[in-house]
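An overview of the molecular structure
The lines below spell out each chain.
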Amino acid sequence: METAMGPWCGQMGAGGWLSMIAFWVVVVVAVVWGVSRLFPAPPATDARSILDARLAAGEIDPATYRAVREELAAQAAATTSGGRP
């Protein structure tokens, strides 16, 4: 006997529904992961982010990092106060 929803809707139990939901979650996650790999976020280009990255990569030592950070802060303060850097 057919129901109003067709012959196939009543035949899937709870396990079938959970499997279908899990399948679609995996598909969506795979698509989002793939798109994020195709179009990565652009690298940071501001001076502070570059300085942080260089310290994290071990390209500069902490003393150099502090000196350059203080210089950047002084330049930023001079620029916002109307003075010339």
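The structure reproduced in this document is the subject of the present report. (Residues numbered from 1 in each chain as written. Predicted model: local features only at pLDDT ≥ 70, side-chain atom pairs only at ≥ 80, totals over all residues. Heavy atoms only, no water.)

Details of the overall build of the chain
On a plain count of helices and strands, the chain comes out with three helices and zero strands. Each helix (α) and strand (β) of the chain, taken in turn from the N terminus, gives the series α-α-α. Out of the 85 residues in the chain, the part that is buried amounts to 6%. If you sum the accessible surface of the chain, you get close to 7200 Å²; carbon and sulfur atoms cover 68% of it. (Helix = DSSP H or I, 4+ residues; strand = E, 2+ residues; numbered from the N terminus. Buried < 20%, exposed > 50% of the residue type's maximum accessible area, 1.4 Å probe, protein only. Areas by Shrake-Rupley, 256 points an atom, 1.4 Å probe, with all protein chains shown as cover.)

Some points on the packing of helix H2 (residues 47–56) against helix H3 (residues 62–80)
Interaxial distance between H2 and H3 falls to 10 Å at its minimum, and their mutual angle equals 175 degrees. Between H2 and H3, the crossing angle belongs to the class labelled roughly antiparallel. Across from Ala 47, Arg 48, Leu 51, Asp 52 and Leu 55 in H2, the residues of H3 making contact are Pro 62, Tyr 65, Val 68, Arg 69 and Leu 72. Grouping the amino acids of the contact of H2 with H3 by side-chain chemistry returns seven nonpolar, no polar and three charged. (Axes fitted to C-alpha atoms, helices over the stretch in contact; angles between N-to-C directions. Parallel < 35°, antiparallel > 145°, perpendicular 65-115°, else oblique. Contact = heavy atoms within 4.5 Å. Nonpolar A, V, L, I, M, F, W, Y, C, P; charged D, E, K, R; others polar.)

Description of a nonpolar patch on the surface
Where nonpolar side chains cluster on the molecular surface, the patch consists of Met 12, Trp 17, Met 20, Phe 23 and Trp 24 and spans about 510 Å² of accessible area. Structurally, Phe 23 can be placed in helix H1 (residues 14–38). On the basis of relative accessible area, Phe 23 is assigned to the partly exposed category, the value being 48%. (Patch = residues over 30% accessible without salt bridge, like charges linked within 9 Å, V, L, I, M, F, W, Y side chains within 5 Å. Salt bridge = Lys/Arg side-chain N within 4 Å of Asp/Glu carboxyl O.)

Some words on the pattern of salt bridges
Counted by the stated rule, this structure contains two salt bridges. The salt bridge partner of Arg 48 is Asp 52, with a shortest N-O separation of 3.6 Å. Taken together, the positions of Arg 48 and Asp 52, both in helix H2 and four residues apart, correspond to about one turn of that helix. A salt bridge links Arg 54 to Glu 59; the shortest N-O distance between them is 3.1 Å.

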